[in-house]
Every structure is written in structure tokens, then in C-alpha cells.
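Here's the letter readout for the chains.
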Amino acid sequence: MTDKENFYSGFFLGRLPGSFDSRFLIKVACFQPGKEERNVFELTTDTKREEDYGEMVHFWVDKGPLQNKSFVRFEENYETFFIHENKMFDRIVHTDKDFYVGVNDLPDSDIYIHPDLGKMIDTRSIVTPGKKYNFITFEVKQNENNSFDIEIVGGEVQGKEKNSEEPSAKEKIIQKMEQVHEVMKVEYEYNKNEETANWDVIGHLKLIKFYDKDLTSGLRPVLRLMDNRHVALFKKQRETMPIKMIKVIEVDGIWKDDVNFVPQEGTLLPTDHDEKTVVLLGNDYRHKFERLFKREDVFRLESNNTLTHLKFWQTRKVTAVAGHITLRIRSELERKQCYRANRRRN
């Protein structure tokens, strides 16, 4: 078995308690470039690992083939071009930049064969043949059988107006900001859907009174759970959580949205009572809410997670265009092409 056959890559899933023959125990989602098999293994090593969750690692197997509890030695100087988004603590998201997609790379309508990572799921048809991409964003999704899939969740095609010349420093910083912007959009949609699903579980809340200690921000509605079975989840959700409040009415035993009222926006604040919350209304809704709604009105809540961070990066992009930000970065495309050419020769 050659050295190349003993070399693996993977996504670091964390350190495990205890030890195995006085070695450190870790968990890694493992794969080999160009091969389809992907497994989540517990591995042993003689060095303590400090990687973030989801970070890509590269290692040699002491005695192949790779299996559960295999002893591995890490390649510390392995150069990688995948950008890990470590802001996402419960998801594994990476970005790959500057590459061309050929016809043979798409054997099926929802499959893309990446030159290093192998098969990627592309149900959204983000990549198409014959195009060059500024970047694609992909997520690693673990399966119940200790395998995992890689799914494309975003991307950007290079426009026809772009040429093959080396991008300027200003263009590079703009591209980097756009990449961060795209990843934030993916995270935003995921978080928003998760929060709204939690509100569906928690159920409806009833308006019981108004908090009038500080009238500068208007009367603050006080809401109480109508069903206390999910108090623990409610306590977690109400921690300074931006929400939309939709008034509902009961029709033939079924709660339906009251179309006579527009959704109200605000931020939830905790109280000393587990089943209650105070709503700090948004500026456009203050001093009006108490005229529209009365005690005993019932509401359902949805996430109103905002795009503040996206707007920040858009602003930074405009600043860069104006010439106020300069940054010199070595061409990622040039580095990646050299790197992959060397790998093919080896």
C-alpha cells in the first residue's frame, strides 16, 4: 500500500473524553480525494487537537485501511483552499473559490463531482457546466449510519464581463466580502426557519397586561404562554429574540390568522416568570399597539431575524468600491491551479 493510499482528509468533529492506549481520542468525518466512501470515525492520535468544529484536517493512517480507532498522524503543513466558516457552531460550512465546471463534472442533474471532495449534492442546480465560479458554498451533513454527504448551498458565477487578468487588490476584497455575505444569507435562512419552527412547538401567547414603567418606548405588551408544556424551550427562545406577532382568532375550534391586523414587530425580553415575556416593540409599532389590541388577544410568533450583518457587509463593499479599502492578497486562483497541478503530477 503506497503512502498516497494512506493519506486522508476530513472534517474535525471534536475531541472525545477518555483515552485509548494513552492517546487522544477524536471524531472526524473522513474521506479520500477521488473516492466515494465517506465515514465518521473515532480516531486516535498522539497530539492534542485544537481545531474548531468542522475545520478541515489532513492525516496519515499508521496502518491502513482506515477504520474506527485507527491511529493517525496529522499533516500540519498541508495547504488547503477551502475557507471554513467557523461562526456556525452547529453546522459545517465551507467555501471553495475560483474554479471551472466542465460537462463531465455533472453526471446527473443534482450531482456535481468536485475535483478534491468528490460527489456533492446540488438539488438547487447552483452549478452548471461550462461556467467559471467565483465561489461555491457547501455544507457537510452527517447521516444516521455514520456516513455524510456534502451539499451545495450557494454560489456565484463569474460574469461574462470578467476577463482572465489578475484581479486588482480592490476587486479581491470585494469578492471576499461577497463570499461572507453569501454565507451569512445561508446561515440567516437556516436560523430563521429553526426559530419559527420552535415557535410553532411553543404555541400561542395571550396578551395579559401592559408594562408602563418606561413610557419613552411606549407601553410594552406582556404575553403569557397558553400552554405550559414547553416552558423550557420558551425560556430559551425569549432571550432578546426579534419576533413578529401575528394576531389569531379561533374559528370553529381552529386558530387562524386575523387578516384585519398587520403583524407587529419587536424584541422579546425575559421576566421573573418562566411562562411570561415582555415585548419591546419596534419604533414603527410603539404608541399604536395599545390602541389596536386589547387584553386577552391571542398571538402566534414567528422569527424576525434581521439581515443587519448583511447590510454591514454591503456597506463595506461600497466603501471598497470608493477606494477607501485596499488589501493585497495573492491570487487564490493562481495558487489553487498550481496546487492541483502538483497533486496531479504526484
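In this text the structure is predicted, and so the values were computed from the model without any measurement.

S.K.: Hey, could you run me through the overall build of the chain in this one?
M.R.: Scanning the chain from N- to C-terminus turns up five helices and 18 strands. Residues counted as buried form 41% of the 346 residues belonging to the chain. Across the chain, the fraction of contacts at a sequence separation of at least 24, relative to all contacts at a separation of at least 6, is 64%. With an accessible surface of roughly 19,800 Å², the chain has 47% of that area assigned to carbon and sulfur atoms.

S.K.: Explain the pairing of strand E11 (residues 148–157) here, please?
M.R.: Taken residue by residue, a regular strand's side chains alternate between the two faces of the sheet. Pairing between strand E10 (residues 131–142) and E11: nine bridges, direction antiparallel. If you follow isoleucine 136 over to E11, its bridge partner there is glycine 155. Between E10 and E11, which follow one another and run antiparallel, lie five residues, and asparagine 146 among them has a positive phi close to 65 degrees.

S.K.: Explain the pairing of strand E16 (residues 264–270) here, please?
M.R.: With four bridges connecting them, strand E14 (residues 242–251) and E16 associate as antiparallel partners. Bridge assignment links isoleucine 243 to a residue of E16, and that residue is glycine 266. Bridging between E16 and strand E17 (residues 276–281) involves five bridges; their strand directions are antiparallel. By the bridge assignment for E17, threonine 267 is matched with leucine 280. In this antiparallel pair of consecutive strands, E16 and E17, the connection spans five residues.

S.K.: What am I meant to see in the packing of aromatic side chains here?
M.R.: For any two aromatic rings, the description comes down to two numbers: the centre-to-centre distance and the angle of the planes. Inspection of the entire model under this criterion finds 15 aromatic pairs. Their ring planes at 40 degrees and their centres at 5.0 Å tell us that phenylalanine 261 and phenylalanine 293 sit as a pair that is tilted. Placement of the pair is phenylalanine 261 in the loop between strand E15 (254–257) and E16 and phenylalanine 293 in the loop between helix H3 (289–292) and strand E18 (298–303), with a sequence separation of 32 residues. According to the relative accessible area criterion, phenylalanine 293 is buried, its value standing at 4%. Members of the aromatic cluster, joined through ring pairs, are Phe210, Phe261, Phe289, Phe293 and Phe299. The ring centre of phenylalanine 71 lies 4.0 Å from the NZ or CZ of arginine 23, which sits over that ring. One Lys or Arg, arginine 49, reaches over the ring of phenylalanine 74 and ends 3.9 Å from the middle of that ring.

S.K.: Would you take a moment to explain the side chain of aspartate 122 for this structure?
M.R.: Take aspartate 122: it is sitting in the loop between strand E9 (118–121) and E10. Buried charge without a salt bridge: aspartate 122, with arginine 124 as the nearest opposite-charge side chain at an N-O distance of 7.0 Å. Among the polar contacts listed, one links the side chain of aspartate 122 to the backbone nitrogen of isoleucine 126, at a separation of 2.9 Å. The contacts of aspartate 122, once residues within four sequence positions are left out, are Ser109, Asp110, Ile111, Val127 and Ile152.

S.K.: It is not clear to me how the pattern of salt bridges should be interpreted in this structure. Could you clarify?
M.R.: Close approach of charged atoms allows side chains of opposite charge to pair. Under the definition given, this model contains 15 salt bridges. A salt bridge links arginine 229 to aspartate 227; the shortest N-O distance between them is 2.7 Å. Note on arginine 229: relative accessible area 67%, which makes it exposed. Classification of aspartate 227 by relative accessible area gives partly exposed; the value is 24%. It is possible to trace a salt-bridge network through shared partners that takes in Asp46, Asp62 and Arg73.

S.K.: What is the right way to look at the side chain of asparagine 304 in this model?
M.R.: Summarising the element assignment, asparagine 304 is placed in the loop between E18 and helix H4 (308–321). Overall, the relative accessible area of 14% leaves asparagine 304 in the buried class. Reaching out from asparagine 304, the side chain makes a polar contact with the side chain of glutamate 265 at a distance of 3.4 Å. Filtering out sequence-adjacent residues up to four positions away, asparagine 304 remains in contact with Pro242, Ile243, Lys244 and Glu265.

S.K.: Would you take a moment to explain the environment of arginine 15 for this structure?
M.R.: Looking at the element boundaries, arginine 15 is found in strand E1 (residues 7–20). Residue classification places arginine 15 among the partly exposed positions, given a relative accessible area of 45%. Each C-alpha atom, one on arginine 15 and one on isoleucine 26, is 4.4 Å from the other, the two residues being eleven residues apart in sequence. Setting aside anything within four residues of it in sequence, one finds arginine 15 in contact with Leu25, Ile26, Lys48, Arg49 and Glu50. Polar side-chain contacts of arginine 15 include one of 2.5 Å to the backbone oxygen of arginine 49.

S.K.: Is there a simple way to explain the environment of alanine 197 in this structure?
M.R.: Among the secondary structure elements, alanine 197 is positioned in helix H1 (residues 169–202). Sequence separation between alanine 197 and serine 303 is 106 residues, and the spatial gap between their C-alpha atoms is 8.8 Å.

Thresholds applied
- Residues numbered from 1 in each chain as written.
- Predicted model: local features only at pLDDT ≥ 70, side-chain atom pairs only at ≥ 80, totals over all residues.
- Heavy atoms only, no water.
- Helix = DSSP H or I, 4+ residues; strand = E, 2+ residues; numbered from the N terminus.
- Buried < 20%, exposed > 50% of the residue type's maximum accessible area, 1.4 Å probe, protein only.
- Contact = heavy atoms within 4.5 Å.
- Areas by Shrake-Rupley, 256 points an atom, 1.4 Å probe, with all protein chains shown as cover.
- Pairing = 2+ DSSP bridges.
- Phe/Tyr/Trp six-rings, centres within 6.5 Å; stacked < 30°, edge-to-face > 60°.
- Lys NZ or Arg CZ within 6 Å of the ring centre and 35° of its normal.
- Lys, Arg positive; Asp, Glu negative; His and termini not counted.
- Salt bridge = Lys/Arg side-chain N within 4 Å of Asp/Glu carboxyl O.
- Polar contact = N/O pair within 3.5 Å; in protein donor to acceptor, adjacent residues only side chain to side chain.

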